[in-house]
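Understanding the architecture of this molecule
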Amino acid sequence: ADLTHHAEVMDRMRLPQDSIFIIHMGGVNGDKAASLRRFEHNYRLLPDAVVRRLVLENDDVSYTVEDLLPTCKRLDIPLVLDWHHDLCNPSSQPVTHYLKDIEAIWRTRGIRMKQHYSESAPGPNKRAHSDYVENLPLLWDPEVADLMIEAKMKEQAVLHLFHKYPHLIPSDLWSRIDSDSDQGWPDPNA
């Protein structure tokens, strides 16, 4: 019911199909293969409004890219690659092994690919997100995928990246920023 409600709200707002909701597969419940089969069965029962917007994401504990990709391919569900989750809960192959298949599903669905990126906070828990992100994934292509930054400092973390990588500031964003305001935005043309 929640997914149906969210899809209805997004449709009533006339949001484009790039407006998606991202879920993790959920619990393993003692049998990962059975959990994946239950998901596939229940996914086929979802209304079209939900199916059009639902995408899966690999997580940092239970489901790797390798675990989810077969289901995503069978059901034509885009997969959000979370680079940090793959570091914490890696597949048997490097993530580069799966990138073409992941991209192909997004392309088939006509939705711009989304990826998540974060870095580990200092300390023993590598799953904890840092305040800021200092680097970007080497294999991220801004022409192909949107990269969502997951950092504790939220917008300040993105601003930090724009200072470090001003060429990544989208031109449409730059045109909406009042150059006389003191927002701390770097000039991408400098």
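Notes on the structure follow. (Residues numbered from 1 in each chain as written. Predicted model: local features only at pLDDT ≥ 70, side-chain atom pairs only at ≥ 80, totals over all residues. Heavy atoms only, no water.)

Under the definition given, this model contains one aromatic pair. Lys 32 extends its terminal NZ or CZ atom over the ring of Tyr 63, reaching a point 5.5 Å from the ring centre. (Phe/Tyr/Trp six-rings, centres within 6.5 Å; stacked < 30°, edge-to-face > 60°. Lys NZ or Arg CZ within 6 Å of the ring centre and 35° of its normal.)

This part takes up the pattern of salt bridges. Overall, the coordinates contain 14 salt bridges when judged by the stated rule. Arg 52 is the salt-bridge partner of Asp 11, the closest N and O atoms lying 2.8 Å from each other. Placement of Asp 11 in helix α1 (residues 2–12) and of Arg 52 in the loop between α3 (48–51) and β2 (54–57) is noted, with a sequence separation of 41 residues between them. Close ionic contact of Arg 44 with Glu 40 constitutes a salt bridge, the shortest N to O distance being 4.0 Å. Looking at Glu 40, the relative accessible area reads 10%, which means it is buried. The structure contains a network of salt bridges with shared partners spanning Asp 11, Asp 48, Arg 52 and Arg 53. (Salt bridge = Lys/Arg side-chain N within 4 Å of Asp/Glu carboxyl O. Helix = DSSP H or I, 4+ residues; strand = E, 2+ residues; numbered from the N terminus. Buried < 20%, exposed > 50% of the residue type's maximum accessible area, 1.4 Å probe, protein only.)

Core analysis: the largest hydrophobic core is formed by 40 residues, its most contacted members being Phe 39, Leu 56, Leu 68, Leu 79, Ile 102 and Trp 106. Here this core gets five residues from one element, more than from any other, and that element is helix α4 (residues 65–75). In this view, Leu 68 contacts Met 25, Leu 36, Leu 56, Glu 57, Asn 58, Tyr 63 and Leu 79; residues no more than four positions away in its chain are not counted. (Core = buried A, V, L, I, M, F, W, Y, C linked by side-chain atoms within 4.5 Å. Contact = heavy atoms within 4.5 Å.)

Another point: unusual backbone geometry. For residues other than glycine, phi is negative in most cases, and the peptide bonds are mostly trans. Positive phi, normally seen in glycine, also occurs at Arg 14, with a value near 60°. Along the chain, Arg 14 falls in the loop between α1 and β1 (21–24). Since its relative accessible area comes to 75%, Arg 14 is described here as exposed. The phi dihedral of Lys 154 falls on the positive side, at around 45°, and the residue is not glycine. On the secondary structure map, Lys 154 appears in the loop between β5 (145–149) and α7 (155–164).

Let us now look at the side chain of Asp 60. Tracing the sequence through the fold places Asp 60 in the loop between β2 and α4. Accessibility expressed as a relative area gives 16% for Asp 60, which makes it buried. Here Arg 127 takes part through its side chain, which lies 3.1 Å from a polar atom of the side chain of Asp 60. Beyond its immediate sequence surroundings of up to four residues, Asp 60 is in contact with His 85, Cys 88, Asn 89 and Arg 127. (Polar contact = N/O pair within 3.5 Å; in protein donor to acceptor, adjacent residues only side chain to side chain.)

Moving on, we get to the packing of α4 against helix α6 (residues 99–109). The N-to-C vectors of α4 and α6 enclose an angle of 35°; their axes lie 11 Å apart at closest approach. Two packed elements cross with a definite hand, and for α4 against α6 that hand is left-handed. Taking contact as the criterion, the partners of Val 65, Leu 69, Cys 72 and Lys 73 in α4 are, on α6, Asp 101, Ile 102 and Ile 105. (Axes fitted to C-alpha atoms, helices over the stretch in contact; angles between N-to-C directions. Left-handed = near helix turned anticlockwise from the far one by under 90°.)

The next thing to look at is the sheet that holds β1. An order of β1-β2-β3-β4-β5 is seen for the five strands of this open sheet, with the pairing classed as parallel. Whereas interior strands pair on both sides, the edge strands pair on one side only; in this sheet they are β1 and β5. On average, each strand axis in the sheet is tilted by 30° relative to the strand beside it, whichever way the strands run. (Pairing = 2+ DSSP bridges.)

The subject of this paragraph is the environment of Met 10. Here Met 10 is to be found in helix α1. Classification of Met 10 as buried rests on a relative accessible area of 13%. Sequence separation between Met 10 and Met 148 is 138 residues, and the spatial gap between their C-alpha atoms is 20 Å. With residues up to four places along the chain from it excluded, the contact list for Met 10 reads Leu 15, Ser 19, Ile 20, Phe 21 and Arg 53.

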